[in-house]
Structures are given as C-alpha cells and as structure tokens.
Amino acid sequence: MPRLYILILPLILGCLAMSNSGSPTPSAARGTLLVANKGDQTLGIIDPDAGQQVATVAENGITGHEVIASPDGRLAYVPIYGNSGVGMPGTDGTNLVVVDIASHKIVGNVDFGHGVRPHCPMFGPKDGMLYVSTELDNAITIIDPHTLKIVGSVPTGRPESHMFAITHDGRYAYSTNVGSGTVSVLDLAARKTLDVISVSPVVQRIALSVDDRFVFTSDQSKPQLAVIDTSTRKVAQWIPMPATGYGSAATPDGNWLVIALPGAKQVGVINLKTMKLEHAIDVPAAPQEVLIRPDGAVAYVSCATSHKVAEIRTSDWTVTRLIDAGPGADGLAWASQK
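Residues numbered from 1 in each chain as written. Predicted model: local features only at pLDDT ≥ 70, side-chain atom pairs only at ≥ 80, totals over all residues. Heavy atoms only, no water.

Trainee: What am I meant to see in the overall build of the protein chain here?
Mentor: A count of helices and strands for the protein chain gives 1 helix and 28 strands. For the protein chain, the C-alpha radius of gyration of 20 Å lies close to 20 Å, the compact-globule estimate for 338 residues. Overall size of the protein chain, expressed as C-alpha extent along the three principal axes, is 80 × 45 × 35 Å. Within the span of the protein chain, comprising 338 residues, buried residues form 55% of the whole. Summarising the internal contacts of the protein chain: among those between residues at least 6 apart in sequence, 42% fall at separations of at least 24. If you sum the accessible surface of the protein chain, you get close to 14000 Å²; carbon and sulfur atoms cover 54% of it. (Helix = DSSP H or I, 4+ residues; strand = E, 2+ residues; numbered from the N terminus. Rg over C-alpha atoms; globule rule 2.2 N^0.38 Å. Buried < 20%, exposed > 50% of the residue type's maximum accessible area, 1.4 Å probe, protein only. Contact = heavy atoms within 4.5 Å. Areas by Shrake-Rupley, 256 points an atom, 1.4 Å probe, with all protein chains shown as cover.)

Pasting the structure below:
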C-alpha cells in the first residue's frame, strides 16, 4: 500500500466518523449562549460551538432568574429577582445588573428604588427600550439602556406579572399574571392595559407565534396549553399535554412550538398547523426555559436541577449534546455577534 495512502486513510475515516456521530448542527448564526445560574448567583457564558460554559460572572446579588442580551451582542442585562419563587415569601429584588460579555465584568446597574422583584427582560424591537417585569409594582418598567434610567412603566392590572412577550412590531405586549391565572394585553406606546384575559386558576410562562396571531401559556392546574387568539383576546383552544408545561418558544419558520415539560423530564414539540403535540423528547430533570437559535437549527433548553443545557437539533428533534452549566440553570439568552 502506498505510504501517502496510509497517511491519509486515518484522516478520511476520522472525518467520516465525525460526520455520522450525531454531532450538533454547525453554528450558522454566530453568537454566545447566556444562562442564568440561580444556584450560584452567576451569569454563565457558553461557547455554543465548543458546547462549554467558558466563564461565569458573579451577579453580586440573590439572584438573577432571567437574562437578555443587547441587540449588538455586547452586553447582558440580568434582573436580580430575590430568593423565592413567584408569589412565595422571600426577599424582594431591587436592581438589575449589566454585564460586559467579553470582559466578564459588571459594568452597570439599575436601581428600582424599592423592592419590585424584577424578572423578565425584553428589548422593544422598534424603540430599542429595555422592558422589565416588576412584579410587586404590577407593571412592566421601561429603561433606557443607554442611560440606564427608568423612563416609564406600563401597568398590567394584575399582580404577579412574571413573564411577558412583545409583538414583532413592538406595539403590544402580553404578560402572564401567575396567581390570578390571567394574561394582560398591554399597549406599549400608550403605556396602558387594554384587556385582561382569564385563562385558568394559575398560569406560567408565555410565548407568541411568529405571526403574532396566537399567545401560548401553560395551565398550572392541569396538563394543557392555552392558545389565545390575539384578535379576539379569548382562549381559542386547549392543547392536551403529557405533563404541565413551562417555558416555550416558536421556531422562526412558524411551524413549531417547543415547550418544556418539567414533570415528565421532557421537551414537547407542537405542530402549529395542527395544534397537536407531535414529539416528546427526553431531557435531564427540571427543564425550564426554551431558546431557539436565530437560524432555527437548534433549540436550547435549560435543565435546572441537572446543571445542564440540552441542545436539540430541530431537523430531527434529536438531543445532540448536554452542555454543563451552573446549578439552577434557568433563563437563557442569545448574544449575536455582529
């Protein structure tokens, strides 16, 4: 056998093995994955290509549950919620920290002036403002991210406004008010509550369809998902689930809703054309939040008690790898590289 062939053959075989190993989809949308590690009060910074948490940043507070990245991918914003769950006794967080992702340092702070339990951060897609749910004020607080000054608020009309979603045109927001089992419809420009939709005894988490036609939130009293028609502001239908749902996110193509099912240690995949569950994927214990990579090729799911982030390939709904994160891994965000 020629010497050159002997040298090249192992390389060829190695490449073939790698191509058939079920390795993760290459990162078509370059960026960094961020995770709020509640158990050690840190922001985890994950290299999604290497599949490794490469750094943690101490939040200097107890504790961040959620995180969002600035549109330019440079900064992370982490509201410091407190040491309890929604509606439970505990401390009341009063601030939000700003982290420079590259230097792994806190570079800014927003002081709300009193205990508000700040939780869910979102950027307005049109106005560029930072919106943060402030539960104890029954409101969404508006922050100018350039000055870190509070510039206004939008009342939700109900307590425990824990999570919210903003329409793609930036006009409206929908908040889940956990203990009252309702969803508030908010006019962000007018800064007022338009409607409050009764859903179930208790609700959790919220997501919008890509076309903004439907809002999804999970009934916490029985395993079913509410589908709210945004034009009628009523529950249009219920989707039966194998377990109570939690965080969810729609794929960019509008075809699927991916939802965490903590009680089943699974992630469900709902066909948004038929509004039926089509896949149930086993993941580590306590799946919490779902983040779809901007190119739609990968879904990331934080798994709190397992200290893991599950990486799921959306082309065949296969778990391609488990990424080590911190204890209590919860909120996820994607910091795009420009």
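Trainee: Help me understand the packing of aromatic side chains in this model?
Mentor: Any aromatic ring pair is given by two values, namely how distant the centres are and how the planes are angled relative to each other. Evaluated as defined, the whole model comprises 3 aromatic pairs. Measuring from centroid to centroid gives 5.7 Å for Trp256 and Trp317, while their planes differ by 75 degrees, and the two rings are edge-to-face. Here Trp317 lies in the loop between strand E26 (308-313) and strand E27 (318-324) and Trp256 lies in strand E21 (residues 256-261), a separation of 61 residues in the sequence. (Phe/Tyr/Trp six-rings, centres within 6.5 Å; stacked < 30°, edge-to-face > 60°.)

Trainee: Where do I start with the sheet that holds strand E14 (residues 182-187) in this structure?
Mentor: Through backbone hydrogen bonds, the strands of a sheet pair up, either in parallel or in antiparallel fashion. Read from one edge of the open sheet, 4 strands run E12-E13-E14-E15, paired in antiparallel fashion. The sheet is open, and its two edges are formed by strand E12 (161-166) and strand E15 (192-198), each paired on a single side. Shown here is a sheet whose adjacent strand axes are inclined to one another by a mean of 25 degrees, direction ignored. Sheet topology places strand E13 (residues 172-177) next to E14; 6 bridges connect them, and they run antiparallel. (Pairing = 2+ DSSP bridges. Axes fitted to C-alpha atoms, helices over the stretch in contact; angles between N-to-C directions.)

Trainee: Explanation requested: the pairing of E15 in the structure shown.
Mentor: As paired elements, E14 and E15 share 6 bridges and run antiparallel to each other. Within the sheet, the bridge partner assigned to Asp187 lies in E15 and is Lys192. Hairpin remark: E14 followed by E15, antiparallel, with 4 residues in the connecting loop; positive phi at Arg191, about 55 degrees.

Trainee: Is there a simple way to explain the pattern of salt bridges in this structure?
Mentor: For side chains of opposite charge, pairing can occur when their charged atoms come near one another. By the definition in use, this model includes 11 salt bridges. Lys38 is the partner of Asp330 in a salt bridge, and the nearest nitrogen-oxygen pair spans 3.2 Å. Of this pair, Asp330 sits in strand E28 (residues 329-336) while Lys38 sits in the loop between strand E1 (31-37) and strand E2 (42-47), and the two are 292 residues apart along the sequence. For Glu289, the salt bridge goes to Arg205, with nearest N and O atoms at 2.9 Å. In this pair, Glu289 sits in strand E24 (residues 287-292) while Arg205 sits in strand E16 (residues 203-208), placing the two residues 84 residues apart along the sequence. (Salt bridge = Lys/Arg side-chain N within 4 Å of Asp/Glu carboxyl O.)

Trainee: Would you explain the nonpolar core in this entry?
Mentor: Generally speaking, a soluble globular protein has its nonpolar side chains buried in company with each other. In this structure, Tyr131, Phe164, Tyr174, Val183, Val199 and Ile206 are the most contacted members of the largest nonpolar core, which totals 24 residues. Counting residues per element, the ones that place at least two in this core are strand E10 (139-144), E12, E13, E14, E16 and strand E18 (224-229). When residues in this core are grouped by element, the largest group, 4 residues, is from E12. Beyond its immediate stretch of four places on either side in the chain, Phe164 contacts Cys120, Met122, Tyr131, Val132, Ser133, Ile140, Ala173, Tyr174, Ser175 and Ile206. (Core = buried A, V, L, I, M, F, W, Y, C linked by side-chain atoms within 4.5 Å.)

Trainee: What's the story with the side chain of Ser161 in this structure? I'm lost.
Mentor: Mapped onto the secondary structure, Ser161 falls in strand E12. Look at Ser161 and you get buried, because its relative accessible area is 1%. Ignoring any residue separated from it by four or fewer positions in sequence, one finds Ser161 in contact with Ser133, Glu135, Thr156, Ser175, Thr176 and Asn177.

Trainee: How should the side chain of Thr182 be read in this particular structure?
Mentor: You can see Thr182 is positioned in strand E14. Residue classification places Thr182 among the buried positions, given a relative accessible area of 5%. At 2.8 Å, the side chain of Thr182 forms a polar contact with the side chain of Ser180. (Polar contact = N/O pair within 3.5 Å; in protein donor to acceptor, adjacent residues only side chain to side chain.)

Trainee: So what exactly am I meant to see when it comes to unusual backbone geometry here?
Mentor: What you tend to see is this: most non-glycine residues have negative phi, and most peptide bonds are trans. Here the amide bond leading from Ile62 into Thr63 is cis, since omega sits at -15 degrees, within 30 degrees of zero. At Gln41, a position not held by glycine, the phi torsion is positive, near 55 degrees. On the secondary structure map, Gln41 appears in the loop between E1 and E2. Gln41 sits in the partly exposed class, given a relative accessible area of 26%.

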